[in-house]
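Each chain is listed here by its residues.
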Amino acid sequence: MSGHHTAGYLARLVEFARSASPAQMVGIGILTVFVISFLAGKRDKNIANTPIHGYRSIFEPTFLLQCSRMRCSIAEKFKFKDVPFIVRRFDTDYNILPIRYLEELRLVPPTILSSKIATSYNMLYEWTDLHFLIRSDLHANVMKRKLAPELSQYLEIAAEEVEYGWKIDVPQSEDWVEVDIQEILRMLVARMSARIFVGEPACRDPAWLRVCLDFTIDAFTTAFLIRMFPPLMRPLVAAFVPARYRLKHHRAKAEKVVGEKMKKHVEYMQRKKNGESTDDYEETLLDWMIEEANEGEATLSEMANRQLIMTLASVHTTSTNTAIFLFELCEHPEWLPMLREEIEEVNQQTGDASRTDIKRWHRHLDRMDSFLLECFRIHPPILLSPQRVALEPLTMKDGTHIPKGCRIAFANGEHQMDPEVTPDPLTFDPMRAYRKRQSSRLQHDRNQAVLTDLTNNLTFGYGNQACPGRFLGVAEVKFLLARLLTEFDFKYPEGKSMPKTMYADENVFISPSAKLMMRKRKVN
Ligand code: HEM
């Protein structure tokens, strides 16, 4: 380009800048920052020589590739299921490993491959104020060390809470009514979680229950929107994300609820020390955490934040899977009589869930369990599970080197749709696991919804960092379904069928506008 031409362009640029309106200038400014920060944006480390599939031509900008729906891209790339490949998200690259590596990675400690750090990064902890996740494991420890051993007692109080909310949340109409079944289930699950996590009176406070539902949506929305932009632009973008401001209100309410409970805990301990009766005090998971917390973990703000993240982990996950079960059942109503028969049989043998140990009772619901597993397979709540961040470099037995900082994941959804893993994978066959369980003692113990298994179920992750709340989650799903199917009929509104699945990166949702019809069951 000649000097004459350059001078000409510069003059035109100066002229444009002089005559541009303030709005145009702001637009140009934002565009410039966007381009510069995109060019300067650093990506996490990847496994050497790992192909990035999915580009339609060498001219396709990465930005367009990242916009393509994750499900399509994983499905397409899964043709390469025997070698690692990369899926590009706006904020990072995910190195998708063949499933055969999972067994080797099963027991790698979280100090080397961390699930929690993957969640913290996904949730963009700096922008959603979840820094505590990086330094504390109390929220997972309470599930493993308190909830799991005492699951029967916690399920009993959860059931009481459902009893309390039943007539408030579930329409008791004799005629068909159209309902937002996802919202009804969210509320019932939020009640159970709130009773177990913080207890009364918060679990009966509509404002707290609303926070339990809305925090998850607002935290995800904030993280999802901001992570679409390169780091340099995030401070600017964050200022325009309303969900981020709502997080502050949710935290204020959480601090109030948790602060009151912490005061009550001190009184409770004092009464105990004085040898006074404490029979009127119901211990919650928060009580355990207050006692087990170290100095840094015990602050009000961290305790409140932890309460919110436990709610985020438990409520939408459990309620969505219950809703999917009902949607699939309305799609395949021929299974309803068999499921109802099973519930009746088990209730006759053991007493219904209100009079028995739910932890034992739900294990007898084999057919319902199998139906649930098939729902997990066809509608995986997340397309990449489990996910880990390498905090230290790691070399696999076959020499594959995972560098420090690398994000790895497994394409669980595609894996369970692979005909070599699931014969005839496109068919919804809800008794697959049931048939396997009937085939031998070993298979009977294996094919259960609470268990993670390479050939059956990666819904809850895998190995030493798999979901510690799954025993509660699955019991809650089955408890709610048994009651709903016993007391109500369900069907789709006229002309409707299985709702659309929606994707936000690897996260999967059922269309929020999907409805069902329900009415009280007429039993002869
Ligand atoms: C159907 C319902 C649920 C699904 C699909 C689900 C799924 C998952 C998955 C995929 C993980 C990551 C596991 C890994 O990286 O290997 C996880 C972690 C976790 N889940 Fe669940 N979960 C459910 C219910 C629950 C419930 C009811 C609770 C609480 C009572 C809970 C608490 C947690 C916690 C605290 C973690 C993080 C553990 C850690 O940081 O080590 N989840 N869950």
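Here, every reference points to the structure presented above.
Cut-off values and rules
- Residues numbered from 1 in each chain as written.
- Predicted model: local features only at pLDDT ≥ 70, side-chain atom pairs only at ≥ 80, totals over all residues.
- Heavy atoms only, no water.
- Helix = DSSP H or I, 4+ residues; strand = E, 2+ residues; numbered from the N terminus.
- Expected span 1.5 Å × (residues − 1).
- Pairing = 2+ DSSP bridges.
- Axes fitted to C-alpha atoms, helices over the stretch in contact; angles between N-to-C directions.
- Near = heavy atom within 4 Å.
- Polar contact = N/O pair within 3.5 Å; in protein donor to acceptor, adjacent residues only side chain to side chain.
- Nonpolar A, V, L, I, M, F, W, Y, C, P; charged D, E, K, R; others polar.
- Contact = heavy atoms within 4.5 Å.

## So, helix α11 (residues 181–197)
- Across its 17 residues, α11 extends 24 Å between first and last C-alpha, which sits within 8% of the 24 Å expected from 1.5 Å per residue.
- Looking one or two places after α11, you find Gly-199, whose phi comes out positive at around 75°.

## So, the sheet that holds strand β4 (residues 177–179)
- An order of β4-β12-β9 is seen for the three strands of this open sheet, with the pairing classed as antiparallel. In this open sheet, the two edge strands, each paired with only one partner strand, are β4 and β9 (488–491). Geometrically, the sheet is characterised by an average inter-axis angle of 35° between neighbouring strands, direction not taken into account.
- Two elements, β9 and strand β12 (residues 516–520), share four bridges in a ladder whose sense is antiparallel. Each bridged residue has a counterpart across the sheet, and for Phe-490 the counterpart in β12 is Met-518.

## Some words on the site of the ligand
- Of all residues adjacent to the ligand, which total 25 residues, the nearest are Ser-115, Arg-388, Tyr-462, Gln-465 and Cys-467.
- Taking Ser-115, its side chain carries an N or O atom lying 2.8 Å from an oxygen atom of the ligand.
- Separating a nitrogen atom of the ligand from a backbone N or O atom of Ala-313 is a distance of 3.4 Å.
- Secondary structure elements with two or more residues in the shell around the ligand: α6 (115–122), α9 (138–147), α16 (300–331) and α23 (470–487).
- Looking at the shell around the ligand residue by residue, the class counts come to 11 nonpolar, 12 polar and two charged.

## Digging into the sheet that holds strand β8 (residues 407–409)
- The strand order across the open sheet formed by five strands is β1-β2-β8-β5-β3, and the pairing between neighbours is mixed. Only two strands of the sheet have a single neighbouring strand rather than two, namely β1 (85–88) and β3 (113–114).
- Inspection of the sheet shows β3 paired to strand β5 (residues 387–390) by two bridges, in the antiparallel sense. Its bridge partner being in β5, Ser-114 is matched across the sheet by Val-389.
- Across the sheet, α6 lies against β2 (93–96), β3, β5 and β8, angled at about 95° from β5, the strand it touches most.

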